[in-house]
Amino acid sequence: MLIRSLHAKNFRKYHKLEVDDIPPKGVITVAGLNESGKTSIGESICFALYGRTFVLDKKNLHKIISWGRDNAEVTLKFSAGDVQNPDNYTLYRSFHRDGKVEVNLQKEGSEDIVLDSVDAVSDTLMKILGFDYDAFASSFYLAQRELTTPDPNSDTIKKMAGIGDYGRLHDEFFRTNEKKEETIAELGPEVKLNQKNLDAMKLDETLLPELVDAEQILGAEQSQREALVEFLDDNKDTYTDNSITYSSAKTRRGFFGFLSIALMPIIVISWLLWIAGKYFPDRLQSALSGFLDEGKQSLFASFSENWLLPVAVVSIIAYFISALVNIRAKATMKTLSGEATNIASKINEGHEHITARVENLLPERVVQSMNRHIKNDQDTLILIPPREQFANLRQLIDDAPNYQSSKEEVTAAITRLSGAIKKQDGEIEDLGKGLLEDIKQEKIRSDEAGILRSTIKKLSSLVSKCERNIDVNNISIGLLQRAAVSSIELFNKNIANISANTLPKFTEGRYSEVSIGEDLSVKVYSDDKKDYMDFDEISSGTQRQIMLALRMAMSEELAINTGNTEQFIFLDEPFAFFDQKRTVSTLRALPDVSKVISQVWVVAQEFPSDVTVNKAIVCPLGSAELIV
């Protein structure tokens, strides 16, 4: 980039500033006493390019406006691009006291294309020039205070070395690692605190399932008891009612069973006599004549003829009736016996319930937990009624199926069992309430522990992720550093070569070359001593001559790396600590020190009269106008 002309209005001390016919190559001097506006020229260039100055950022930009004026404006014409056929641009920027900024950028020959937004102009200038404000302020505007050993970690130095992207990525990785380490430092104590709180809970993961199982067991037990009580209450009088029916059926069975047996020979004899009299009368008569007289034979013959068959028929009918009644009596007895057996079974089941130890149904620590809810000294978990109430219960159960047990005793036993079960149900319900409270509290503790575990897991995951990111970034940093080594070595070599060309001219041949380390430490080869000298071994004036040569060489390297084959540089008071001889030798050498840094602006209070320059600008002390 080369400056072609500079016009400004109401900028700093100048109401009107016009610098035209600026030579593309050579030295342009800006002379004047203090407060004459020398530095304002450099600041106007910086404002046009970046909307700020070297000493005023965007927050304090109102200070660039001349006293009593409303706005300041700068028009900068410059060229950039191919040295043989460069592109020419016109850049305008103004700033109003109310904070309004106006800017436009136009490429000559493209009058129909004018960029007029701050962002669009900034982006386009970055593409045209290849460097931002920081790089510009560090390389192409050098004040005497900056003629010191360069910072190897600065972004500009990295761009000069051609490792700007490496440096940017390196810095991003490094900053990311710092943030990740800060995150780990913040999360670590939080993880420990949550883990401490979790450990302090002493939560047993198996207790809640046991409590839930115990509650289900008690619920099932209570449901069985309720069903049993309902059955006993419904069948309290069944045994008594069935006992009468059973006794009646048993009587019928005895009578008609005996009758069936008694009728059997009558049926057989009557049918045999009837068959013999009907089909074998002679044989029957012959058989009866042996032990019956004639009168009896006559009576038997009359009976046989008139009544024997009806007797046979009636006897067999009576037999079948008796057998049917007997069968039905047996069936009734069997049914009633089954019901009695069921009642006896339920009585036995009820007895088992009331004598069972509930604590045997539940885990030991659940029982211990439940015992905390018992308000009296008695261990109500045993739930056993007085044993004497059921002393004859076993005999009742054994005799009940045949209805041999006393109806009164069975009814009384059912009443006592039902009452005992109901009483126990109330106790179990009270225990269940305590158990439900334990479950509720344990669920709350479990939920709290779950939240703590989830928090610990999330925090630990974040810590692990941060640690993995740090490891990956460290590997990336190492790879970037190794990749940048060759570029740094080449950069140092180029700077040394360029400095070897300029240094003898600046120092009148006393020093011919420099050696630059990876950390940009500088050693100078003395032709007198025939050896390298540490930088602090030479005088301060010579140090500044050397650093001026070194910094111009580095600026040249940056210009090359950013695609600028020709570049201006603005040196503000570079000779402040030079004696007359050093100033003259340096001024004479400046036009030839670099083919890339071809337009050199130099600011000083005065310049030696015997040095020829390409354009001389003298800033008037008492005037607000400068037109050259």
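It should be emphasised that the depicted structure is a prediction, and the values quoted were computed from it without experimental measurement. (Residues numbered from 1 in each chain as written. Predicted model: local features only at pLDDT ≥ 70, side-chain atom pairs only at ≥ 80, totals over all residues. Heavy atoms only, no water.)

Another aspect to go through is the overall build of the protein. Counting its regular elements, the protein contains 16 helices and 15 strands. Counting only residues that meet the buried cut, the protein has 42% of its 628 residues in that class. Residue pairs in contact within the protein that sit at least 24 positions apart in sequence constitute 73% of those at least 6 positions apart. Element-wise, carbon and sulfur atoms account for 52% of the exposed surface of the protein, whose accessible area totals about 33,500 Å². (Helix = DSSP H or I, 4+ residues; strand = E, 2+ residues; numbered from the N terminus. Buried < 20%, exposed > 50% of the residue type's maximum accessible area, 1.4 Å probe, protein only. Contact = heavy atoms within 4.5 Å. Areas by Shrake-Rupley, 256 points an atom, 1.4 Å probe, with all protein chains shown as cover.)

Among the structural elements, His 7 can be located in strand β1 (residues 2–11). Looking at His 7, the relative accessible area reads 28%, which means it is partly exposed. Distance in space between the C-alpha atoms of His 7 and Ile 45 is 9.5 Å, their sequence separation being 38 residues. Excluding residues that lie within four positions of it along the chain, His 7 makes contacts with Leu 17, Glu 18, Val 19, Asp 20, Glu 73, Val 74 and Thr 75. Within the structure, His 7 has its side chain in polar contact with the side chain of Asp 20 (distance 2.7 Å). (Polar contact = N/O pair within 3.5 Å; in protein donor to acceptor, adjacent residues only side chain to side chain.)

We now examine the nonpolar core. Core analysis: the biggest nonpolar cluster contains 84 residues, and Ile 41, Phe 78, Met 552, Leu 590 and Trp 601 have the highest contact counts within it. Ranked by residues supplied to this core, first place goes to helix α15 (residues 540–561) with 9 residues. Beyond its immediate chain neighbours, meaning those up to four positions away, Met 552 contacts Phe 506, Ile 569, Leu 571, Leu 590, Val 593, Ile 597 and Val 600. Residues Tyr 239, Ala 329, Ile 347 and Ile 354 belong to the second largest nonpolar core, which totals 25 residues. (Core = buried A, V, L, I, M, F, W, Y, C linked by side-chain atoms within 4.5 Å.)

This part is about the environment of Ile 321. In this structure, Ile 321 sits in helix α10 (residues 308–355). Along the backbone, Ile 321 and Phe 256 are 65 residues apart, and their C-alpha atoms lie at a distance of 8.6 Å.

Pairing in this open sheet of 7 strands is mixed, and the strands run β7-β6-β5-β4-β1-β2-β15 from one edge to the other. Every other strand in the sheet has two partners, leaving β7 (114–115) and β15 (625–627) as the edge strands with one partner each. In the sheet, strand β4 (residues 71–80) pairs with strand β5 (residues 87–96) via 10 bridges, with the strands oriented antiparallel. Paired with Thr 75 across the two strands is Tyr 92, which belongs to β5. Packing of helix α2 (residues 118–129) onto the sheet brings it into contact with β4, β5, β6 (101–107) and β7, and relative to β6 it is tilted by some 40 degrees. (Pairing = 2+ DSSP bridges. Axes fitted to C-alpha atoms, helices over the stretch in contact; angles between N-to-C directions.)

Glancing now at a negative patch on the surface. Negative charge collects at one region of the surface, where Glu 178, Glu 181, Glu 182 and Glu 186 lie side by side. With respect to the helices and strands, Glu 181 occurs in helix α5 (residues 164–201). Looking at Glu 181, the relative accessible area reads 46%, which means it is partly exposed. (Patch = residues over 30% accessible without salt bridge, like charges linked within 9 Å, V, L, I, M, F, W, Y side chains within 5 Å. Salt bridge = Lys/Arg side-chain N within 4 Å of Asp/Glu carboxyl O. Lys, Arg positive; Asp, Glu negative; His and termini not counted. Charge placed at Lys NZ, Arg CZ, Asp CG, Glu CD.)

Right, let's get into the packing of helix α7 (residues 238–279) against α10. For the pair α7 and α10, the least separation of the axes is 6 Å and the interaxial angle reads 155 degrees. By the angle class used here, α7 and α10 are roughly antiparallel. Here α7 runs over α10; the crossing is left-handed. Of the residues belonging to the contact of α7 with α10, the class tally is 27 nonpolar, 10 polar and 5 charged. (Parallel < 35°, antiparallel > 145°, perpendicular 65-115°, else oblique. Left-handed = near helix turned anticlockwise from the far one by under 90°. Nonpolar A, V, L, I, M, F, W, Y, C, P; charged D, E, K, R; others polar.)

All we've got here are geometric facts, nothing functional implied.
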